[in-house]
Amino acid sequence: MARIVAVTGTGTGVGKSVLTASLCAALRGRGMDCRALKPLETGVRPGEPGEDAALLGAASGPGWTAGIETLELPRSPLAAARAEDRELDLGALEAAIAGAARRCALLLVEGVGGLLVPITAGSTVRDLLRRLDAEVLVAATAGLGTISHTALTVEAARSAGLRLLGVVLIDVDGGTDPGFAAENATQIAAQCGVPVLGILPHVGDARDADALAAAAAGLDVSSLLLPRPDPTGEVVAADRRHVWHPFTQTGEWRDETPLVVRSGQGCWLVDWSGRRHLDGISSLWCTVHGHAHPSLDAALREQLGRIAHSTFLGQTHAPGALLAEELVGVAPAGLTRVFFSEAGAAAVEAALRIALLAQRHAGHPERTAFVALGEAYHGDTAGAVSVGRSEPFHTGLDPILFPAVRVPSPHGNEAGSLRALGELLAREGDRVAALIVEPRVQAAAGMLTHSDRWLRDAAELAHRHGALVIADEVATGFGRTGDLFASGGAGIAPDILCVGKGLTGGYLPLSATLATEAIFDLFTGPYAAHRTLYYGHTYTANPLACAVARASLRLFDEEDTLASARRLAATLERLTSERVSGLPGVFDVRRRGVMTGIELRDGDTPFEPARRVGRAVTLAARRRGVVIRPLGDVVVLNPPLVMSDAEADLLVGAVAGAIEEALPG
Ligand SMILES: *Cc1c(COP(=O)(O)O)cnc(C)c1O
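Residues numbered from 1 in each chain as written. Predicted model: local features only at pLDDT ≥ 70, side-chain atom pairs only at ≥ 80, totals over all residues. Heavy atoms only, no water.

A separate point is the site of the ligand. In the region of the ligand, the neighbouring residues are Trp285, Ala343, Gly344, Ala345, Tyr377, His378, Gly379, Glu438, Asp472, Val474, Ala475 and Lys501. Ala345 places a main-chain nitrogen or oxygen 2.8 Å from an oxygen atom of the ligand. Asp472 is positioned such that a nitrogen or oxygen atom in its side chain is 2.7 Å from a nitrogen atom of the ligand. Burial of the ligand by the surrounding chains reaches 82%, relative to a free accessible area of 380 Å². Grouping the constituent residues of the shell around the ligand by class yields six nonpolar, three polar and three charged. (Near = heavy atom within 4 Å. Polar contact = N/O pair within 3.5 Å; in protein donor to acceptor, adjacent residues only side chain to side chain. Areas by Shrake-Rupley, 256 points an atom, 1.4 Å probe, with all protein chains shown as cover. Nonpolar A, V, L, I, M, F, W, Y, C, P; charged D, E, K, R; others polar.)

Relative orientation of the contacting elements helix H22 (residues 561-579) and helix H24 (residues 645-662) amounts to 30°, with a least axis distance of 10 Å. It follows that H22 is roughly parallel to H24 by the angle criterion. Our pair here, H22 against H24, has a crossing hand that is right-handed. Residues Leu568, Thr571, Leu572, Leu575, Thr576 and Arg579 of H22 lie in contact with H24, whose contacting residues are Asp645, Ala648, Asp649, Val652, Gly653 and Ala656. (Axes fitted to C-alpha atoms, helices over the stretch in contact; angles between N-to-C directions. Helix = DSSP H or I, 4+ residues; strand = E, 2+ residues; numbered from the N terminus. Parallel < 35°, antiparallel > 145°, perpendicular 65-115°, else oblique. Left-handed = near helix turned anticlockwise from the far one by under 90°. Contact = heavy atoms within 4.5 Å.)

With that out of the way, let us pick up the sheet that holds strand S8 (residues 163-170). Strand order in the open sheet formed by seven strands is S3-S2-S4-S1-S7-S8-S9, and the pairing between neighbours is parallel. Two strands in the sheet have a free side with no partner beyond their single neighbour: strand S3 (67-71) and strand S9 (196-200). Adjacent strand axes in the sheet meet at a mean angle of 20° when their direction is disregarded. In the packing of helix H2 (residues 51-59) onto the sheet, the strands contacted are strand S2 (34-42), S3 and strand S4 (106-110), and the crossing angle to S2 comes to about 175°. Each of strand S1 (3-9), S2, S3 and S4 touches helix H4 (residues 90-101); the most contacted strand, S2, lies at about 160° to it. (Pairing = 2+ DSSP bridges.)

Oppositely charged side chains can form a pair if their charged atoms are brought close together. Considering all chains together, one arrives at 39 salt bridges under this definition. Here Arg86 makes a salt bridge to Glu69, at a shortest N to O gap of 3.1 Å. Of this pair, Arg86 sits in the loop between helix H3 (77-83) and H4 while Glu69 sits in strand S3; the two residues are 17 residues apart in sequence, bridging distant segments of the chain. Residue classification places Arg86 among the partly exposed residues on the basis of a relative accessible area of 31%. With a relative accessible area of 23%, Glu69 lands in the partly exposed category. (Salt bridge = Lys/Arg side-chain N within 4 Å of Asp/Glu carboxyl O. Buried < 20%, exposed > 50% of the residue type's maximum accessible area, 1.4 Å probe, protein only.)

Together, Asp557, Glu558, Glu559 and Asp560 give the surface a local cluster of negative charge. Within the secondary structure, Asp557 is located in helix H21 (residues 543-558). A residue is classified by how much of its surface remains accessible, and Asp557, at 68% relative accessible area, is exposed. (Patch = residues over 30% accessible without salt bridge, like charges linked within 9 Å, V, L, I, M, F, W, Y side chains within 5 Å. Lys, Arg positive; Asp, Glu negative; His and termini not counted. Charge placed at Lys NZ, Arg CZ, Asp CG, Glu CD.)

Let us now look at helix H1 (residues 16-29). A rise of 1.5 Å per residue sets the reference length of H1, with its 14 residues, at 20 Å; its end C-alpha atoms lie 20 Å apart and thus fit the reference within 8%. Across the 14 residues that make up H1, a large majority, eleven, are buried. Among all positions in H1, only Lys16, Ser17, Leu19, Thr20, Ala21, Ser22, Leu23, Cys24, Ala25, Ala26 and Leu27 are buried. Just past H1, the residue Gly31 takes up positive phi, approximately 90°. (Expected span 1.5 Å × (residues − 1).)

Taken as a whole and judged by the stated rule, the model has four aromatic pairs. With a centroid separation of 6.2 Å and 65° between ring planes, the pair formed by Phe312 and Phe340 is classed as edge-to-face. Here the residue Phe312 occupies a position in the loop between helix H13 (294-304) and helix H14 (318-330), and Phe340 occupies one in strand S13 (residues 335-341), the gap between them amounting to 28 residues. Considering the side-chain rings of Phe370 and Phe402, the 5.9 Å spacing of their centres and the 45° angle between planes classify their relative orientation as tilted. (Phe/Tyr/Trp six-rings, centres within 6.5 Å; stacked < 30°, edge-to-face > 60°.)

Further remarks concern the sheet that holds strand S11 (residues 268-271). For sheets, the rule is that strands pair by backbone hydrogen bonds, running either parallel or antiparallel. If you trace the four strands from one edge of the open sheet to the other, you get S10-S11-S12-S24, paired in mixed fashion. Either end of the sheet is taken by a strand with one partner, and the two such strands are strand S10 (261-265) and strand S24 (626-627). Taken together, the two bridges between strand S12 (residues 276-279) and S24 define a ladder with parallel strand orientation. Bridge pairing in S24 places Asp279 opposite Val627.

Its location among the elements puts Asp33 in the loop between H1 and S2. Take Asp33: its relative accessible area is 34%, and that puts it in the partly exposed class. Each C-alpha atom of the pair Asp33 and Gly61 lies 9.9 Å from the other, and the pair is 28 residues apart in sequence.

Here strand S25 (residues 634-637) shows two buried faces, one formed by Val634 and Val636 and the other by Val635 and Leu637. Strand direction decides the pairing type here: strand S23 (residues 595-600) and S25, joined by four bridges, are antiparallel. Across the sheet, residue Thr596 finds its bridge partner in S25, namely Leu637.

The axes of two packed helices give the description: the angle between them and the distance between them. The geometry of helix H23 (residues 613-623) relative to H24 is characterised by a closest axis approach of 8 Å and an angle of 125° between their N-to-C directions. One element, H23, and the other, H24, form an angle in the oblique class. Seen from above, H23 lies across H24 with right-handed handedness. Facing Ala616, Val617, Ala620, Ala621 and Arg623 of H23, the residues of H24 in contact are Ala658, Ile659, Glu661 and Ala662.

Turning our attention to the state of the cysteines. Scanning the entire structure with this criterion turns up zero disulfides. You can see Cys104 has no disulfide; the closest cysteine sulfur is in Cys34, sitting 7.0 Å from it. Unpaired in this structure, Cys546 has its nearest cysteine sulfur neighbour in Cys286, at a distance of 16 Å. (Disulfide = S-S within 2.5 Å.)

The topology assignment puts Thr524 in the loop between helix H20 (517-522) and H21. Through-space distance from the C-alpha of Thr524 to that of His361 is 9.6 Å; in sequence the pair is 163 residues apart.

Let's shift gears to the domain arrangement of the protein. On domain assignment, one finds that the protein holds domain 1 (3-225), domain 2 (239-289 + 562-662) and domain 3 (335-540). On a C-alpha basis, the centres of domain 1 and domain 2 stand 40 Å from each other. (Domains from an automatic or database assignment.)

Below you can see the structure in the form of structure tokens.
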């Protein structure tokens, strides 16, 4: 596809069309296959071609149609479309522009007015350009008032991550003092940190192709002639030289071609070549509302304008305090106190410490044991690994771990697991501090599911024996299982709840440990009693992260994200049973909400781990434009909750194809 460069104005009437036409004519004159497009033109009588489109069409040479949509009223596209009782289709516009870009080497797209002009009720010109992955050239008048207007446009482009090629000042009516225009150019370049490509003189007759091309002669168009920068090679080289990736086999990493992500949009990741990849795992189970959601971006920017970090040790701030209140409002009943950390593992560490000390402060210093499930995963710090130990990953770590008591995972044998828990608690329940569980889905173990019934029975047993219940919802929280929290949905009342991954909608590292008021009260006493919770991380309750988390919680209401999650769960159920379940090598498809695990086996026996079957499927899916990451030989799908049916279809289709490729017959 061609490179797309959008010419956007600081307002209307700044001479965008003339600039676009003259650039197009000049670049064509230098032998470049450049064409220009005016995708939306307002103030055009039905059945007639738009004036701007005609101008751009002439500059683009023969065999080219420069217009797509016209609207009659000279208003914003949104208002003009409403007057005609219709709504513009952003996706269709995007597709039409992308189609035009496939027919040339450089496509100049003239915007409508400025970047924030509305096209539909929920989208602006800027959104369209972002979807098109366009670069931006700003057209501004050369005269009075241009510095502020230009700076605002540059800011709007930057804050959406659009690449700025520069600014062109235009002497619209031929009346601007050249000295004044040059002064403006210098100031804009200094203030905005963008190159000013030059000053376009007044063009007497815009229909004269030679005059148009000549007008652009004074502009520095070198950035349009050079290819768009692509740092992929440099990034990969630096990465191979210096980066140590988590949970990544270093030898395999050296040999594969990594995906270098440049940007994201909705459920898609975009690499530096502009190729789009469907994010089937929510960037490791974090992204909730999609990448680059305007509301989350805006919440982050707004907070960034105030302060990025201010300590929570002995001080407070609005994003942290208000988020705590809002979390308590949606958490399972009884959880009233929020302790912030950054990683899920840190939230679990805090939970373990709180449980141990709460028992001690309540007069039970003998309650020091933690009961954990077989196949549990609670994060990678020492305490979290102690309750989530699994071979062979944690071989050799014992000197820094504490011994936890295990009961078998309920997956596959709920009665047996419950019996073992009952027997254990009957035997030594009076020395147990807490039971820690991942409610509904033991995710990292390979999406091992269990029933709500088992969960209720297990929690009830623990409580009956004086143990606290810790629900680790780092993976299952925020809609993944179809309820905002799995424990609430299942009807259990944990004493301590850990959340992480999706808390900020997948934007920033933030986690939290929620506790009951009864537990919190145990930590209140005279200073000398040392009941203070001596625990915390430097960046606890980072205001940027908290601000985004608040916006993410609001989106659950405003966009009814849980309804989307349930719809997506049903779609995944249908698609996986139609297209995956019967494939050779597919042993089991497990799902709760959108959390899906496809277990691959050789008949009834697991594949030889060295065959790396899960990885082979992942790489085959990558070639089909889909990003997934397996857990051993369990292929995991855990998409953003807002994934559309069409995207889910693509995802499951690609995964089915990848399984067939990796395991033929
Ligand atoms: C991912 C996960 C963690 C660890 O979270 P990090 O942010 O990676 O430290 C803890 N518990 C569960 C259930 C998880 O899935």
